[in-house]
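Chains, contacts and geometry: an overview
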Amino acid sequence: MLTEIVKTTLLNCSLVDSDIIKYKSRVQAIHDTLPRYELTGWMDSPLQDHDALLASIERVASEVRACADVLVVVGVGGSFLGARAIQEALMPYFGLAKSGIEVVYVGLNMSGAYIKELLAYLDSKQVYVNVISKSGGTMEPALAFRTMRLYMEERYGDKSTERIIVTTDAEKGILKGIADEAGYRQFVIPNDVGGRFSVLTPVGLLPVAVAGVDIRALMAGAKRSAEELAESDLSKNDAYKYAVMRHMLYEEGYSIELLASFEPGLNKFHEWWKQLFGESEGKVKKGLYPSTVNFSTDLHSIGQFIQDGKPILFETLLHFHEIEGDLKVPFDPRNEDGLNYLSHRTFNEINAISKQGTALAHAEGGVPVIQLELPKLDAYHLGYLIYFFMKACAMSACLLEVNPFDQPGVEAYKRKMLELLQEEKVSK
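In this report, the structure presented in the accompanying data block is examined. (Residues numbered from 1 in each chain as written. Predicted model: local features only at pLDDT ≥ 70, side-chain atom pairs only at ≥ 80, totals over all residues. Heavy atoms only, no water.)

A look at the pairing of strand β10 (residues 369–377)
- In terms of residue burial, β10 counts as a mostly covered element, since 7 of its 9 residues are buried.
- Alignment of strand β9 (residues 313–323) against β10, held across 8 bridges, turns out to be parallel. Bridge pairing in β10 places leucine 318 opposite leucine 372.
- The handedness of the β9 to β10 crossover, carried by helix α14 (residues 347–364), is right-handed. (Buried < 20%, exposed > 50% of the residue type's maximum accessible area, 1.4 Å probe, protein only. Helix = DSSP H or I, 4+ residues; strand = E, 2+ residues; numbered from the N terminus. Pairing = 2+ DSSP bridges. Right-handed = clockwise from strand over helix to strand, strands pointing away.)

Put into structure tokens, the structure is as follows:
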């Protein structure tokens, strides 16, 4: 077990190590066939030399920070969730990182109010735009980019070309054609990496570098994860062990997995995780429903259902032992609230005890709890965890006998939306 980085344990469940080991040969077979799937370039990517690419991203990020107050990232799904997850997990809760500027997102919805307010907000600031799409044909970011492109041209004229950066396919697609014609600078989305597995490519690296994240530390963590999770042995690969645990619980009849954490900055990381597992596994009427909670806030809302509700869910508890920044509970001589007994502790210490108590209470209430523990919430360990979850997701989907790397249901909604829009066009 890789206790140095991720410690994986299971509380209150009939599953034991001997049950998990029964999957040894099946995991080995899937491990051997995984590289034969399309869109698996992410698996070996952290092991490759990316120095030139990282240097190029750092140069552009430095320029953006020097010349702008805001970077507007245009994208949806895998084109923005990973970047926003890393940004919010590692950046200050209030204000900006000393080495970064504000990064905001558009194209994730089609709310006219959202886009209108964004444009008004940008009027008093200097702006760069990074549009991210492999094809350029997805409706939400395509409409947002049309809007942002015209906005930038109106504000900056010919100089707008220097302020729009495109991350797209190397050879084809609507966005690639637009970028070539306009002369926009471009970063490449690798052909062999799908959207929800693309956060460790320029898709995620450029926005978070602008925000002030150390992308070299992020990639170093991912590299170590790729090295340590290269074996199929369940006693040495905790990502596969986690995949088998969740699959066995699914086979026992649990239908929902709750990813839970105790740090509010991980809320957007939860959203990235939801897409990763939901879009990879939810096919042919199979798959766990991925949902998330953030404690202790949600202990006062959904906590009652988790503890005593219908036994349809299990919990994956994500915990970082060290969080940068802490505050000691102040001593108050009045002690009207009776809390002076806690004045020798810090808030993070109490939060950790709250985590422990919650895990024990839920386990005693009959809820299976998988604990994933990491030493520290920083760029290095987050990079490790991102790769950990991607590797676990690929194995988990294959245990369900579904393709982890396509999304036919998403394509179905896009077709229906276009049909309705075309019908309206014809009727007019």
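Focus on the pairing of strand β4 (residues 127–132)
- In terms of burial, β4 is a largely internal element, 6 of the 6 residues being buried.
- The alternating pattern of β4 places Val127, Val129 and Val131 and Tyr128, Asn130 and Ile132 on opposite faces, both of which are buried.
- Relative to strand β5 (residues 164–168), β4 is paired through 4 bridges, and the arrangement is parallel. What sits directly across from isoleucine 132, in β5, is threonine 167.

Details of the side chain of asparagine 130
- Mapped onto the secondary structure, asparagine 130 falls in strand β4.
- For asparagine 130, the side chain forms a polar contact with the main-chain oxygen of isoleucine 165, separated by 3.1 Å.
- A distance of 3.1 Å separates a polar atom in the side chain of asparagine 130 from a polar atom in the side chain of threonine 167.
- Residues in contact with asparagine 130, not counting those within four places in the same chain, are Leu71, Val72, Val73, Val74, Ile165, Val166, Thr167, Leu206 and Pro207. (Polar contact = N/O pair within 3.5 Å; in protein donor to acceptor, adjacent residues only side chain to side chain. Contact = heavy atoms within 4.5 Å.)

Topic: the packing of helix α9 (residues 202–211) against helix α10 (residues 215–228)
- Two numbers describe how α9 lies on α10: the axes approach to 10 Å, and their chain directions differ by 140°. Relative to α10, the element α9 is oriented oblique. Contacts between α9 and α10 pair Leu205, Val208 and Ala209 from the former with Ile215, Leu218 and Met219 from the latter.
- Its residues placed into classes, the contact of α9 with α10 shows 6 nonpolar, no polar and no charged. (Axes fitted to C-alpha atoms, helices over the stretch in contact; angles between N-to-C directions. Parallel < 35°, antiparallel > 145°, perpendicular 65-115°, else oblique. Nonpolar A, V, L, I, M, F, W, Y, C, P; charged D, E, K, R; others polar.)

Some words on the nonpolar core
- Counting residues in each nonpolar core, the largest one holds 93 residues, and the members touching the most others are Phe269, Trp272 and Phe389.
- No other element matches helix α15 (residues 379–399), which puts 15 residues into this core.
- Here phenylalanine 389 is in contact with Tyr242, Leu259, Phe269, Trp272, Trp273, Leu276, Phe277 and Leu372, once residues within four sequence places are set aside.
- With 23 residues, the next largest nonpolar core counts Val70, Val127, Val129 and Val166 among its residues. (Core = buried A, V, L, I, M, F, W, Y, C linked by side-chain atoms within 4.5 Å.)

So, to be careful, I would describe these as geometric facts and stop short of saying anything about function.
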